[in-house]
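Results of the structural survey
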Amino acid sequence: MPELQRLRLDHAPALLAFEKENRAYFAASIPDRGDDYFARFDERHAALLAEQETGACHFHVLVDDGGAVVGRVNLVDVADGSAELGYRIAESAAGRGLATSAVRRICDLSATEYGLTGLWAVTTLDNAGSRAVLARTGFVAVGETVLDGRPGLRYERSLGPVSFPGSGDDRRV
Ligand SMILES: CC(C)(COP(=O)(O)OP(=O)(O)OC[C@H]1O[C@@H](n2cnc3c(N)ncnc32)[C@H](O)[C@@H]1OP(=O)(O)O)[C@@H](O)C(=O)NCCC(=O)NCCS
């Protein structure tokens with residue numbers, strides 16, 4: 001099982017290889033990063049790490065036994081106890097539950113390490129894989145949105161204790 005690691009400077013070569021190998025695959029469901037991203041990858045990587053240092057973002061990669069990056073799961077725009085979740089998994093590792101297990105782990109980390117109380121995510125209506133991941137990890141669709149010019153949904157997940165309607169009903173006992 002690949003290991004979830006917080007993004008570091010030395011992940012750069014494996015991360016670039018992952019982005020290059022899966023560029024066409026990702027572009028089929030989410031916007032392409034553009035040629036400039038690949039040409040200036042090291043600069044961008046350093047900028048992301050600097051942003052992570054401020055606490056505004058938490059970036060993670062999934063690293064397999066051979067050191068290859070097979071996925072990334074990110075939390076961005078941390079504010080007021082919540083953050084936006086995003087993820088992408090390599091085509092070669094798809095369909096094995098990796099996104100589902102990584103998002104579950106990120107939810108745990110968000111509550112225990114990052115002090116967050118909620119996460120949110122957006123995906124397009126036609127991204128069945130992403131919607132399945134969010135539904136299985138406790139996210140709830142809360143409204144429609146437009147994402148990159150396409151119809152989408154906004155999902156939210158509370159990280160606090162689960163509350164059940166009626167649990168505070170003092171008539172019961
Ligand atoms: C979406 C994505 C992250 C799913 O990663 P994954 O590791 O394959 O996901 P999981 O294995 O945890 O699969 C979750 C469920 O979604 C289902 N699923 C995956 N891709 C699907 C698709 N294209 N259509 C329908 N269902 C799909 C899986 O079958 C699985 O359900 P099951 O176990 O009941 O079969 C991956 O396909 C990806 O990176 N896509 C490109 C980037 C992207 O869309 N990111 C999300 C942006 S919002």
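Just above, that's the structure.
First, a word on scope: everything that follows refers to the structure included in this document. (Residues numbered from 1 in each chain as written. Predicted model: local features only at pLDDT ≥ 70, side-chain atom pairs only at ≥ 80, totals over all residues. Heavy atoms only, no water.)

1. Quick word on the environment of asparagine 127
Here asparagine 127 lies in the loop between strand E5 (118–124) and helix H6 (128–136). Spatially, the C-alpha atoms of asparagine 127 and glycine 55 are 29 Å apart, while their sequence positions differ by 72 residues. (Helix = DSSP H or I, 4+ residues; strand = E, 2+ residues; numbered from the N terminus.)

2. Some words on the site of the ligand
Around the ligand, a shell composed of 23 residues is seen, among which Ile89, Gly95, Gly97, Thr100 and Asn127 lie nearest. Within the backbone of tyrosine 87, a nitrogen or oxygen atom sits 2.9 Å from a nitrogen atom of the ligand. Asparagine 127 is positioned with one of its side-chain polar atoms (N or O) 2.7 Å from an oxygen atom of the ligand. For the ligand, the cavity whose grid points lie within 2 Å of the majority of its atoms is the largest pocket. Among the elements of the structure, helix H2 (23–27), strand E4 (82–89), helix H5 (98–112), E5 and H6 are those that each provide at least two residues to the shell around the ligand. (Near = heavy atom within 4 Å. Polar contact = N/O pair within 3.5 Å; in protein donor to acceptor, adjacent residues only side chain to side chain. 1 Å grid on protein atoms, 1.4 Å probe; cavity = no way out; pocket = protein on both sides within 12 Å on 5 of 7 lines; lining within 4 Å. Sits in = over half its atoms within 2 Å of the grid points.)

3. Notes on the layout of surface pockets
In this structure, the largest pocket spans a volume of roughly 1,300 Å³. If you go around the largest pocket, you meet 43 residues; those closest to its centre are Ile30, Arg72, Gly86, Tyr87 and Arg88. Breaking the lining of the largest pocket down by element, the ones donating at least two residues are H2, helix H4 (41–54), strand E3 (69–79), E4, H5, E5 and H6. Here the residues of the lining of the largest pocket are counted per class, giving 23 nonpolar, 11 polar and 9 charged. When its volume is computed, the second largest pocket comes out at roughly 200 Å³. Taken together, 15 residues line the second largest pocket, and the ones lying closest to its centre are Asp64, Ala68, Val69, Val70 and Ser92. Secondary-structure elements contributing two or more residues to the lining of the second largest pocket are helix H1 (12–21) and E3. If one sorts the elements of the lining of the second largest pocket by residue count, H1 sits on top with 4 residues. Of the residues in the lining of the second largest pocket, the class split is 10 nonpolar, 2 polar and 3 charged. (Points joined across faces, edges and corners; volume = space filled by probe spheres on them. Nonpolar A, V, L, I, M, F, W, Y, C, P; charged D, E, K, R; others polar.)

Distances and angles like these do not, on their own, reveal function.
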